[in-house]
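Geometric and topological summary
Chain by chain, the residues run as shown.
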Amino acid sequence: MSLLIKNGEIITADSRYVADIYCEGETITHIDRHLSAPAGTEVIDAQGKYVFPGFIDPHVHIHLPFMGTLAKDTYESGSRAALVGGTTTLIEMCCPARQDDALQSFEQWMNNAVGKSACDFSFHMGVTKFDDATAAQLREIVRRGISSFKIFLAYKGAFGIDDTELYRALKLARELGVVVTAHCENETLVAERCKELLAAGKTDPGQHHESRPPAVEAEGVHHLMTFAELTGAAVYIVHLSCREALDEAIAARQRGVRVGIETLIQYLTLDKSYAERPGFEGAKYVMSPPLRDVRNQEVLWHGLRDGLINTVATDHAPFDFAGQKPLGRDDFTKIPNGIPSLEERINLLYTYGVKRGRIDLHTFVNVASTAVAKQFDLFPRKGAIQPGADADLVVFDPNYRGNISVATQHMAVDYSAFEGWPIEGRASVVTVRGQVAARDGQFTGTLGRGRFLQRKPSHF
Ligand code: URP
Ligand code: ZN
Ligand code: ZN
Ligand code: ZN
């Protein structure tokens, strides 16, 4: 199996040039002008197109039992959607219930993916309780190729851990060189505010924001920063949504805390007025942390431009509008949280970031691929266009014009939060380790070919 991508403009996090890329088997082997290839090589003409390294989504939920229901995608639908949208690797959150065994859960999440996924994958291991038995299992999970944990400061009584557990989990992570990704919201404040709002008869989706305003997230970040500072652990804030939280993270970074910062495509493009839409329409836009006042969007774009914010993810968590969001029709606290977007992240980031002049092409590649690979121990196998790297490539057509619609999406959910939005550019060819897995909005890959990516801890 060999593949030659000719005449494309290669864009990486730090370079831009026209060249051909030759891939032998699963690997990039040569990059040069005017390469020729042996007979039988599949040749793709990328004239007038960009060639990016395969994009990596560092925060995805596929198997997610949550808020009394189950997220809609499987690895079959999720990996198809990812690939059509240019994402060749995803990192899923393995989120055991508190009473569940960590190692068994890890094996269960793995079984859901192996033999089914068309894209490559890894997991952040959710630490939803911490005791001696769990610590021993976490060591074993790290031996099996996981180099990041996930903890929740929110979701009291579900995924959330207490401060003793947090401290001990961070100490273990520090010892193992594992980075701890964290959902930062103060769960006590959320719980109390929810009770007050419901008691006042405020039950509609728009109240979700009032239950967890920016100060709640900023307190969560501050809290994590204190624990990271005292343990020396490397941490990574998932789905940062607002200025107040960013300020806390940057202040901590300035005093030496090792902290990566992720924002989401949803926070960059949507705002809280969507969740305030009448007739329960707002439920489509309920997630945590909530969509913020529109003023935060500029702060986040700026943060990406300045390198303060490191990555853009989706926190893909798909729940149907017809069958699942209505669990919270009379009580916003019961609306399953999540805004699906695994398929749309790259097209949205390109259209509303690069094309609108908010970020340049290198920042685009960096925050959606290269910096993710570096943060999570996948670089340079992933996130790079260089000999020796996996042949995960996105030939991107900047002249494509179209609109997002649920009618054409591959995600197994019954709505799009971006219905009708114009897109200016999309992936024209997507390869996973040398095999063409998507073409012009159609999946052409192989379910089950996706591989679990062993990662080695580096955050010592
Ligand atoms: O609303 C969200 N973010 N749903 C997914 C679970 C999480 O908190 O990441
Ligand atoms: Zn979260
Ligand atoms: Zn605190
Ligand atoms: Zn999440």
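Structural data are supplied above this passage.
Here, residues in each chain are numbered from 1, in the same order as that chain's written sequence. Each chain gets a letter, beginning with A, and each ligand a number, beginning with 1, in the order they are written. Selection of residues for local features in this predicted model requires a pLDDT of at least 70, selection of side-chain atom pairs for listing and counting requires 80 or more, and totals for whole chains, interfaces and linings are taken over all residues. Only heavy atoms go into the side-chain values, all of them from the structure, while hydrogens and water stay out.

1. A closer look at the site of ligand 1
All residues adjacent to ligand 1 are H59, H61, Y155, H183, H239, M287, S288, D315, A317, N337 and G338. Polar contacts, as used here, are pairs of N or O atoms within 3.5 Å; protein pairs need one atom able to donate a hydrogen and one able to accept it. Residues neighboring in sequence count only if both atoms are side-chain atoms. Within the side chain of H61, an N or O atom sits 3.2 Å from an oxygen atom of ligand 1. N337 is positioned with one of its backbone polar atoms (N or O) 3.1 Å from a nitrogen atom of ligand 1. To measure how exposed things are, a 1.4 Å probe is used in the Shrake-Rupley method; for residues, cover is taken only from the protein chains shown. For ligand 1, whose accessible area on its own is 260 Å², the fraction buried by protein is 100%. Nearness is defined per residue: one heavy atom within 4 Å of the molecule or strand is enough.

2. Considerations on the sheet that holds strand β15 (residues 311–313)
Note on sheets: strands pair through backbone hydrogen bonds, and any given pair is parallel or antiparallel. Taken together, the 8 strands give an open sheet; going across it, the order is β6-β9-β10-β11-β12-β13-β14-β15, and neighbouring strands pair in parallel fashion. If you trace the sheet from one side to the other, it starts and ends with β6 (55–60) and β15, each paired once. Each adjacent strand pair in this sheet contributes to an overall mean axis angle of 30°, direction not counted. Pairing of strand β11 (residues 148–152) with strand β12 (residues 179–183) involves 5 bridges; the strand directions are parallel. Bridge pairing in β12 links S148 to V179. Note on contacts: a residue pair is in contact if any heavy atoms of the two residues lie within 4.5 Å. Fitted lines through C-alpha atoms give the axes, limited to the stretch in contact for helices. The angle between two N-to-C directions lies from 0 to 180 degrees. In DSSP terms, a helix is any run of H or I states spanning at least four residues, a strand is any run of E spanning at least two, and both are numbered starting from the N terminus. The strands touched by helix α2 (residues 102–113) are β9 (87–94) and β10 (120–126); relative to β10, the strand with the most contacts, the crossing angle is about 160°. The pairing criterion for strands is at least two bridges between them, as found by DSSP.

3. Some details on the environment of T164
Following the sequence through the fold, T164 ends up in helix α4 (residues 163–176). Along the sequence, T164 and Y274 sit 110 residues apart, while their C-alpha atoms lie 37 Å from each other.

4. Quick notes on the pairing of strand β2 (residues 16–24)
Here is the key point about a regular strand: its side chains alternate between the two faces of the sheet. One ladder, built from 8 bridges, connects strand β1 (residues 2–11) with β2; its direction is antiparallel. Residue I10 lies in a different strand from β2, and its bridge partner there is Y17. Here β1 hands over to β2 after 4 residues, the two strands then running antiparallel side by side. Connecting β2 to the next strand, strand β3 (residues 27–32), in antiparallel fashion are 2 residues, including G25 with a positive phi near 60°.

5. Some points on the coordination of the zinc ion (ligand 4)
Water is not among the atoms examined, so metal sites may look incomplete; donors are the N, O and S atoms within 2.8 Å of the metal, or within 3.2 Å for Na, K and Ca. For the zinc ion (ligand 4), the full set of protein donor atoms is H59 (NE2), H61 (NE2) and D315 (OD), and the range of their distances to it is 2.0 to 2.1 Å. The site at the zinc ion (ligand 4) holds 4 donor atoms, and with the angles between them running 86 to 133°, its shape is tetrahedral. One chain supplies every donor for the zinc ion (ligand 4), spaced along it as H-x1-H-x253-D. The distance between the zinc ion (ligand 4) and the zinc ion (ligand 2) comes to 3.8 Å. Taken together, the residues span a long stretch of sequence, with H61 in the loop between β6 and β7 (65–66) and D315 in the loop between β15 and α12 (345–354) at a distance of 254 residues. Pair check on accessibility: H61 and D315 agree, each one buried. Key to geometry: four donors with every angle between 85 and 135 degrees are tetrahedral; four donors are square planar and six octahedral where opposite donors lie over 155 degrees apart and all remaining angles lie between 65 and 115; all other sites are irregular. Per-residue accessibility, obtained with a 1.4 Å probe over protein chains only, is compared with the maximum for each type, and a residue is labelled buried under 20%, exposed over 50%, and partly exposed between these values.

Read these as geometric descriptors, not functional statements.
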